[in-house]
Amino acid sequence: MSASASNAVRQTGAVTERQRTRGGIAVAVPSSPAAATANDARASALFAELALHAAGEANDEVFACMIASLCTGGGALPDWLGLDPAAFTCLLRHHFPGLRLQVPPCPGRPLDASRNDERHELVELMLMDKAGSSPSEVWMAHVVAAGCMASDHLWQDLGLWQRADLTALMRRNFPALAARNVKDMKWKRFLYKQLCEAEGIYVCRAPSCEVCSDYHACFGPED
């Protein structure tokens, strides 16, 4: 954990050990992001609280980022991370047992029902290549698909603090799908490109990505 991150969590009065014990078993606790990176002290404080209840699973940290952002007005995810309330409750119990959110994850962003088919296609695309090692992969597919409905870079719309977190979650949850992104295409564009190719639709007329005039729109930095 960086010094700035440690300071951010200390200011909230939260415990910051990398491991804690539940039932005699030491489980990993995700490190808190720096408040300067999150640009929101409330999000950092909520992230720290979520971290204290982390179950020690691989998706704990990214879900903590998403929930902290959503509850404090960050990112662009719909209410309940784009899940139905029952599924969100299951997610919370699975990844952060014992936690009771004081702020509901409902900033007033309902799902756009007119794009249900689009979301379902994205979910199916991801689940075809899910790792099969955790039930949270299903939740993750629905959350990522909901994030794709927004208009900014996908990692920002999801409420993550850096693109590397999105790349890591894609590789962890949907490894075969992520492995096809061999040139590090922006993730939202990559997912939609996969849908188009599955339907036999090839809109781009450039002979290769390297000579395309829109190269940077697909492969440029996402900052």
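Undergrad: What am I meant to see in the overall build of the protein here?
TA: The helix and strand tally for the protein stands at twelve helices and two strands. Overall, the protein shows an N-to-C arrangement of helices and strands of α-β-β-α-α-α-α-α-α-α-α-α-α-α. Buried positions account for 44% of the 223 residues belonging to the protein. For the protein, restricting intrachain contacts to residue pairs at least 6 apart in sequence, the fraction spanning at least 24 positions comes to 67%. Summed over its atoms, the accessible surface of the protein is roughly 11,300 Å², and 52% of this surface lies on carbon and sulfur atoms.

Undergrad: What am I meant to see in the packing of aromatic side chains here?
TA: Here a ring pair, both rings aromatic, is described through the centre-centre distance and the interplanar angle of the planes. Applying the stated criterion across every chain yields a total of three aromatic pairs. Aromatic pair Phe47 and Trp161: ring centres 5.7 Å apart, planes at 75°, arrangement edge-to-face. Taken as a pair, Phe47 in helix H3 (residues 41-52) and Trp161 in the loop between helix H8 (154-157) and helix H9 (163-173) lie far apart in primary sequence, 114 residues in all. The burial state of Phe47 is the same as that of Trp161; both residues are buried. Between Trp187 and Phe190, the aromatic rings sit 5.6 Å apart at their centres with planes inclined by 90°, giving edge-to-face as the arrangement. One end of the pair is Trp187 and the other is Phe190, both in helix H11 (residues 187-198) and three residues apart, which spans about a single turn. Take Trp187: its relative accessible area is 2%, and that puts it in the buried class.

Undergrad: I would appreciate a short explanation of the packing of helix H6 (residues 116-127) against helix H7 (residues 136-148) in the present structure.
TA: For any two helices packed against each other, the geometry comes down to the angle between their axes and how far apart the axes lie. Where H6 contacts H7, the axes come no closer than 9 Å and their chain directions differ by 140°. Classified by the angle their axes make, H6 and H7 are oblique. In this structure, the crossing between H6 and H7 has a hand that is right-handed. Residues Arg119, Leu122, Val123, Met126 and Leu127 of H6 form the contact with H7, whose own contacting residues are Glu137, Val138, Ala141, His142, Val144, Ala145, Ala146 and Cys148.

Undergrad: Help me understand the nonpolar core, please; the structure alone is not making it clear to me.
TA: Side chains of a nonpolar character, in soluble globular proteins, are inclined to be buried together. In this structure, Met66, Leu81 and Leu191 are the most contacted members of the largest nonpolar core, which totals 52 residues. Ranked by residue count, the leading element in this core is helix H4 (residues 60-71), at nine residues. If we ignore the near neighbours within four places in the chain, the residues touching Met66 are Leu77, Leu81, Met140, Val143, Leu158, Gly159, Leu160 and Leu169.

Undergrad: Teacher, can you tell me more about the confidence of the model for the protein here?
TA: In regions of low pLDDT, the predicted coordinates are not meant to be interpreted in detail. Summarising the model, the protein shows a mean pLDDT of 79, and 71% of its residues fall at 70 or more. For residues 1-30, every residue scores under 50 in pLDDT, and the model assigns this stretch 57 contacts once sequence neighbours within four places are set aside. A low-confidence stretch, residues 204-219 (pLDDT under 50), is modelled with 17 contacts involving residues beyond four sequence positions or located in other chains.

Undergrad: For this particular structure, what's the right way to read the side chain of His95?
TA: Inspection of the secondary structure assignment puts His95 in helix H5 (residues 85-95). The exposure class of His95 is buried, given its relative accessible area of 0%. Setting aside residues no more than four positions away along its own chain, His95 makes contact with His53, Ala54, Ala55, Glu57, Asn59, Asp60, Phe63, Ser136 and Trp139.

Undergrad: Can you walk me through the packing of H4 against H7 in this structure?
TA: Relative orientation of the contacting elements H4 and H7 amounts to 40°, with a least axis distance of 12 Å. Between H4 and H7, the angle is such that the two are oblique. Between H4 and H7 the crossing geometry is left-handed. From H4, Val62, Phe63 and Met66 reach across to H7, where they touch Ser136, Trp139, Met140 and Val143. By residue class, the composition of the contact of H4 with H7 is six nonpolar, one polar and no charged.

Undergrad: Would you mind showing me how to read the pattern of salt bridges here?
TA: Close approach of charged atoms lets side chains of opposite charge pair. Enumeration over the complete set of coordinates arrives at five salt bridges. Here Arg163 ties to Asp184 by a salt bridge, and the two come within 3.0 Å at their closest N and O atoms. With Arg163 in helix H9 and Asp184 in the loop between helix H10 (175-179) and H11, this residue pair connects regions lying 21 residues apart in the sequence.

Undergrad: Any chance you could explain the environment of Pro104 here in plain terms?
TA: Locating Pro104 in the fold gives a position in the loop between H5 and H6. The exposed category is assigned to Pro104, whose relative accessible area is 51%. Counting along the chain gives 34 residues from Pro104 to Leu70, while the straight-line C-alpha distance between them is 9.1 Å.

Parameters at a glance
Residues numbered from 1 in each chain as written. Predicted model: local features only at pLDDT ≥ 70, side-chain atom pairs only at ≥ 80, totals over all residues. Heavy atoms only, no water. Helix = DSSP H or I, 4+ residues; strand = E, 2+ residues; numbered from the N terminus. Buried < 20%, exposed > 50% of the residue type's maximum accessible area, 1.4 Å probe, protein only. Contact = heavy atoms within 4.5 Å. Areas by Shrake-Rupley, 256 points an atom, 1.4 Å probe, with all protein chains shown as cover. Phe/Tyr/Trp six-rings, centres within 6.5 Å; stacked < 30°, edge-to-face > 60°. Axes fitted to C-alpha atoms, helices over the stretch in contact; angles between N-to-C directions. Parallel < 35°, antiparallel > 145°, perpendicular 65-115°, else oblique. Left-handed = near helix turned anticlockwise from the far one by under 90°. Core = buried A, V, L, I, M, F, W, Y, C linked by side-chain atoms within 4.5 Å. pLDDT = per-residue confidence, 0-100. Nonpolar A, V, L, I, M, F, W, Y, C, P; charged D, E, K, R; others polar. Salt bridge = Lys/Arg side-chain N within 4 Å of Asp/Glu carboxyl O.

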